[in-house]
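Notes for the structure review
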Amino acid sequence: MLFVLSEEHKHLGFLSEVDPAVVGESGRIAVEFLKKGSNPKIYEGALNVWSGSVQHGLEGLMYLLTESCKLTISEEDFQDSVLVLGFSEELTELLLQLYLENRKEIRQILSKPAPSLPHYHSLEWRLDVQLSSRPLRHQLKPTVTLKLHLEDGARRSAHVLQTDPATLQHLIDELERALAELKSSHCRRILHNIQ
Amino acid sequence: MRFRFCGDLDCPDWVLAEMSTLARMSSVKMKLLCVQVIKDLLDEGIDYDKVSKLTSDAKFESGDIKASIAVLSFILSSAAKHDVDSDSLSSELQQLGLPKEHTTGLCKSYEDKHSALQEKLREISLRLGRLEAVNWRVDYTLSSSELKQVNEPTVQLKLQAQDPETDSTQTTVVSITADKFRVLLTELKQAQTMMNALQ
């Protein structure tokens, strides 16, 4: 799978004009920016090139890395894609190394903003029996009260639910049926093909 | 194999695996560790310096220390939860492979603090919307814009309760006329009689 670099990506052209050490340094800075967000002060200090093209160049480098990691392209594909920019062998090699070393981390960073649902944190429960109420005495009504704690990133939420034992049993049966679905041949075939 | 202290279910694999870690400590040190773990379960605070001193002889790494505290916490709270007597606990732990001296030490600590543990577990059981405070005031209305002579007593009741979903305190203020208040009081007294009959 190749990704296409268009005219706009000529910003990376500045890389071919500088020495390999600067390229390595720019690569390191680009990865730092991907991890922590961009910091303009570093533009001035670290590289001895005029700052307009430095910013574009670094952004171009970050784009190159994120696109490659997004598609998890192989080495040859990466080299072929970068060929468009007409870099020297050495430069291509450096960029390739940069990509391979940081691939896993960048993929982890990219996986975070994906929309996610709140997930299970803990469950508290209680079994009660209602013996009498204002209108009616001498009852025997069992209820199960549940407090479901969910977590969504940093936010915790709690949901209070109440059910009678028959519904609870039905709930348990349905959930067990859902779990058993994982063991069906259809699911196993799909999981086997993915892994 | 079913164990009473696990609620008549199988013992979790990790508990079984950590028995050998516990056996690496001397039984005296393990009993002192039990005392620390019980203090933690009762919310009295655990002294981690003491714990590291106790485990340093057996050369526990931080992973081992965490594992031994976790397994002791589990055994003690689970046994208290299912109201297991210390003899059954002792025989079940020996079946899992914990040496006899360690088991005796653990069960002695368990027996000493058995009721305190159950009291604590009862306290932290799920309760929704606890009533935290009640304040009241009786007012006497003399007159109002509608009627010149009102002459009516009212009760102002302020209830502070915990919100079930957010656990924050919520205040409700109600004002009740004399008749309504009499009805409320009678009904609540009936409920109280019923509660006392159950105890």
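Overview of the structure. (Residues numbered from 1 in each chain as written. Chains lettered and ligands numbered in written order. Predicted model: local features only at pLDDT ≥ 70, side-chain atom pairs only at ≥ 80, totals over all residues. Heavy atoms only, no water.)

**What about the sheet that holds strand 3 (residues 155-163) of chain A?**
Residue and element names in this part refer to chain A. Spatially, 1-2-3 is the arrangement adopted by the three strands of the open sheet, whose pairing is antiparallel. The outermost strands of the open sheet, each flanked by one partner alone, are strand 1 (119-130) and strand 3. The average angle at which neighbouring strand axes cross in this sheet is 15 degrees, direction not considered. (Pairing = 2+ DSSP bridges. Helix = DSSP H or I, 4+ residues; strand = E, 2+ residues; numbered from the N terminus. Axes fitted to C-alpha atoms, helices over the stretch in contact; angles between N-to-C directions.)

**Some details on the layout of surface pockets**
Roughly 950 Å³ of volume is contained in the largest pocket. Taken together, 20 residues line the largest pocket, and the ones lying closest to its centre are Val129, Leu131 and Ser132 of chain A together with Ala191 and Met195 of chain B. Elements represented by at least two residues in the lining of the largest pocket include exactly strand 1 of chain A together with helix 7 (178-198) of chain B. In terms of residues, the lining of the largest pocket owes the most to one element, helix 7 of chain B, which gives nine residues. (1 Å grid on protein atoms, 1.4 Å probe; cavity = no way out; pocket = protein on both sides within 12 Å on 5 of 7 lines; lining within 4 Å. Points joined across faces, edges and corners; volume = space filled by probe spheres on them.)

**Some thoughts on a negative patch on the surface**
Residues and elements named next belong to chain A. A cluster of acidic residues, Glu75, Glu76, Asp80, Glu89 and Glu93, forms a negative patch at the surface. Broken down by secondary-structure element, the contributors of at least two residues to the negative patch are helix 4 (75-83) and helix 5 (89-111). Broken down by element, the negative patch gets its largest block of residues, three residues, from helix 4. Note on placement: Glu76 falls in helix 4. (Patch = residues over 30% accessible without salt bridge, like charges linked within 9 Å, V, L, I, M, F, W, Y side chains within 5 Å. Areas by Shrake-Rupley, 256 points an atom, 1.4 Å probe, with all protein chains shown as cover. Salt bridge = Lys/Arg side-chain N within 4 Å of Asp/Glu carboxyl O. Lys, Arg positive; Asp, Glu negative; His and termini not counted. Charge placed at Lys NZ, Arg CZ, Asp CG, Glu CD.)

**Re unusual backbone geometry**
Even without a glycine there, the phi angle at His138 of chain A is positive, about 55 degrees. Counting through the fold element by element, His138 of chain A comes out in the loop between strand 1 and strand 2 (141-152). Even without a glycine there, the phi angle at Asp83 of chain B is positive, about 55 degrees. Along the chain, Asp83 of chain B turns up in the loop between helix 4 (62-81) and helix 5 (86-96). Since its relative accessible area comes to 44%, Asp83 of chain B is described here as partly exposed. (Buried < 20%, exposed > 50% of the residue type's maximum accessible area, 1.4 Å probe, protein only.)

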